[in-house]
Amino acid sequence: QKEVEQNSGPLSVPEGAIASLNCTYSDRGSQSFFWYRQYSGKSPELIMFIYSNGDKEDGRFTAQLNKASQYVSLLIRDSQPSDSATYLCAVLYNTDKLIFGTGTRLQVFP
Amino acid sequence: DTEVTQTPKHLVMGMTNKKSLKCEQHMGHRAMYWYKQKAKKPPELMFVYSYEKLSINESVPSRFSPECPNSSLLNLHLHALQPEDSALYLCASSQEGTSGSETQYFGPGTRLLVL
């Protein structure tokens, strides 16, 4: 059973702070990892993907991957109230099967 | 452009109705997907089409019938649904093959209510 685990939250951070979202996965052979943001009632929107160990930065977002620990994280710097959403970690198996974690609800308060 | 479109946005149907959901992408992607998402749950994979052929069926009941008329279009035919099938139905597409090209892009979804 391939699993992706996330803390469901809510994670509450003040505006301007760093939000740290974490995800672990069970299949050591996984190669591709994704973070999606989903606002209530909307569809998932891709934020970042990461394939290699280490950090990948895109604007205020940094994804971190540690394959040895089977751990993926997403850091959001200078958090804004508009970042309040559910963040879904997803792991790709066999090039086409995407398994999602349960999502972490982030609340950024002014 | 990473746009996937879905119609209709909302659908209400009775348990004896037949309806279809439509999905379209013009990004040249070779893989298309149907997901089902219940409230406060993550998306669950239903079907995968690769190069217009059904490659994955996640043991979905036969009242859901997918169809891929061409590489840009994906349909989901619905018949004799149950109230518990009410959910957000999401379509996604990806260019597949080489590593780094498997990113899936989602459409806006169809919110289905079965009465």
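For the structure, see preceding data.
Residues numbered from 1 in each chain as written. Chains lettered and ligands numbered in written order. Predicted model: local features only at pLDDT ≥ 70, side-chain atom pairs only at ≥ 80, totals over all residues. Heavy atoms only, no water.

Chemist: Mind laying out the overall build of chain B, listing which residues take part and the relevant values?
Modeler: Each helix and strand in chain B was counted, giving 0 helices and 11 strands. Along chain B, helices and strands appear, N-terminal first, in the series β-β-β-β-β-β-β-β-β-β-β. The C-alpha radius of gyration of chain B comes to 14 Å, within 12% of the 13 Å expected for a compact globule of 115 residues. Its C-alpha atoms give chain B principal-axis dimensions of about 45 × 25 × 20 Å. Counting across all 115 residues of chain B, residues that qualify as buried make up 49%. (Helix = DSSP H or I, 4+ residues; strand = E, 2+ residues; numbered from the N terminus. Rg over C-alpha atoms; globule rule 2.2 N^0.38 Å. Buried < 20%, exposed > 50% of the residue type's maximum accessible area, 1.4 Å probe, protein only.)

Chemist: Pulling in residues and values, what's your account of the layout of surface pockets?
Modeler: Think of a ball as big as a water molecule: rolled over the atoms, this probe shows where empty space is left. For the largest pocket, the calculated volume is near 650 Å³. Taken together, 26 residues line the largest pocket, and the ones lying closest to its centre are Ser40 and Thr86 of chain A together with Ala39, Lys40 and Lys41 of chain B. Within the residue set of the lining of the largest pocket, elements represented by two or more residues are strand E9 (85-93) of chain A together with strand E9 (87-94) and strand E11 (110-114) of chain B. In terms of residue class, the lining of the largest pocket is built from 9 nonpolar, 11 polar and 6 charged. Around the second largest pocket, the lining residues are Gln1, Lys2, Glu3, Val4, Ile99, Phe100, Gly101 and Thr102 of chain A together with Lys41, Pro42, Pro43 and Glu44 of chain B. (1 Å grid on protein atoms, 1.4 Å probe; cavity = no way out; pocket = protein on both sides within 12 Å on 5 of 7 lines; lining within 4 Å. Points joined across faces, edges and corners; volume = space filled by probe spheres on them. Nonpolar A, V, L, I, M, F, W, Y, C, P; charged D, E, K, R; others polar.)

Chemist: Could you give an account of the sheet that holds strand E6 (residues 54-58) of chain A, with specific residues and numbers?
Modeler: All names here are of chain A. The 5 strands lie next to each other as E1-E3-E8-E7-E6, forming an open sheet whose pairing is antiparallel. Of all strands in the sheet, those bounded by a partner on one side alone are strand E1 (4-5) and E6. Where strand E7 (residues 61-66) and strand E8 (residues 71-76) come together, 6 bridges link them in antiparallel fashion. Across the sheet, Gln64 pairs through a bridge with Ser73, a residue of E8. (Pairing = 2+ DSSP bridges.)

Chemist: Outline the state of the cysteines, listing residues and values.
Modeler: All names here are of chain A. Applying the stated criterion across every chain, the model contains 2 disulfides over all chains. The disulfide bridge from Cys23 ends at Cys89, spanning 2.1 Å between sulfur atoms. Between Cys23 and Cys89 the sulfur-sulfur dihedral comes to about -70°; the bridge is accordingly left-handed. Linking Cys23 in strand E3 (residues 19-25) with Cys89 in strand E9, this pair joins segments that are 66 residues apart in sequence. Residue Cys89 is classed as buried on the basis of its relative accessible area, which comes to 0%. (Disulfide = S-S within 2.5 Å.)

Chemist: Go over the side chain of Thr62 of chain A, please, and point to the residues and values.
Modeler: All names here are of chain A. Position of Thr62 among the secondary structure elements: in strand E7. On the accessibility criterion, Thr62 (6% relative accessible area) is buried. Reaching out from Thr62, the side chain makes a polar contact with the side chain of Arg77 at a distance of 2.6 Å. Apart from the residues within four sequence positions on either side, Thr62 is in contact with Met48, Asp55, Lys56, Glu57, Ser73, Leu74, Leu75 and Arg77. (Polar contact = N/O pair within 3.5 Å; in protein donor to acceptor, adjacent residues only side chain to side chain. Contact = heavy atoms within 4.5 Å.)

Chemist: So, the pairing of strand E5 (residues 45-50) of chain A: which residues are in play, and what are the values?
Modeler: Residues and elements named next belong to chain A. Both strand E4 (residues 32-38) and E5 contribute to a ladder of 5 bridges, which runs antiparallel. Considered in E5, the bridge of Phe33 is made with Ile50. Here E4 folds back onto E5, and the loop between the two strands holds 6 residues, one of which, Gly41, carries a positive phi near 80°.

Chemist: Which residues make up the pattern of salt bridges, and what are the values?
Modeler: Residue and element names in this part refer to chain B. Applying the stated criterion across every chain yields a total of 6 salt bridges over all chains. With its nearest N and O atoms 2.7 Å apart, the salt bridge here joins Arg63 to Asp85. Note that Arg63 is positioned in the loop between strand E6 (53-57) and strand E7 (64-70) and Asp85 in the loop between strand E8 (73-79) and E9, a separation of 22 residues in sequence. Since its relative accessible area comes to 2%, Asp85 is described here as buried. One salt-bridge network, in which partners are shared between bridges, spans Lys36, Arg63 and Asp85. (Salt bridge = Lys/Arg side-chain N within 4 Å of Asp/Glu carboxyl O.)

Chemist: Tell me about empty space enclosed by the protein, residues and numbers included.
Modeler: All names here are of chain B. A complete count under the given rule lists 1 cavity of 30 Å³ or more for this structure. Empty space within the largest cavity amounts to approximately 50 Å³. As for the largest cavity, its lining consists of His29, Arg30, Ala31, Met32, Tyr49, Tyr51, Glu52, Cys68 and Ser71.

Chemist: Tell me about the sheet that holds strand E1 (residues 4-7) of chain B, and name the residues and values.
Modeler: Sheets are built from strands that pair by backbone hydrogen bonding, the pairs being arranged parallel or antiparallel. Residues and elements named next belong to chain B. With antiparallel pairing, the 4 strands of this open sheet are ordered in space as E1-E3-E8-E7. If you trace the sheet from one side to the other, it starts and ends with E1 and E7, each paired once. Put simply, the sheet's adjacent strands are angled 20° from each other on average, direction ignored. Pairing of E1 with strand E3 (residues 18-25) involves 4 bridges; the strand directions are antiparallel. Residue pairing across strands places Gln6 opposite Cys23, the latter belonging to E3. (Axes fitted to C-alpha atoms, helices over the stretch in contact; angles between N-to-C directions.)

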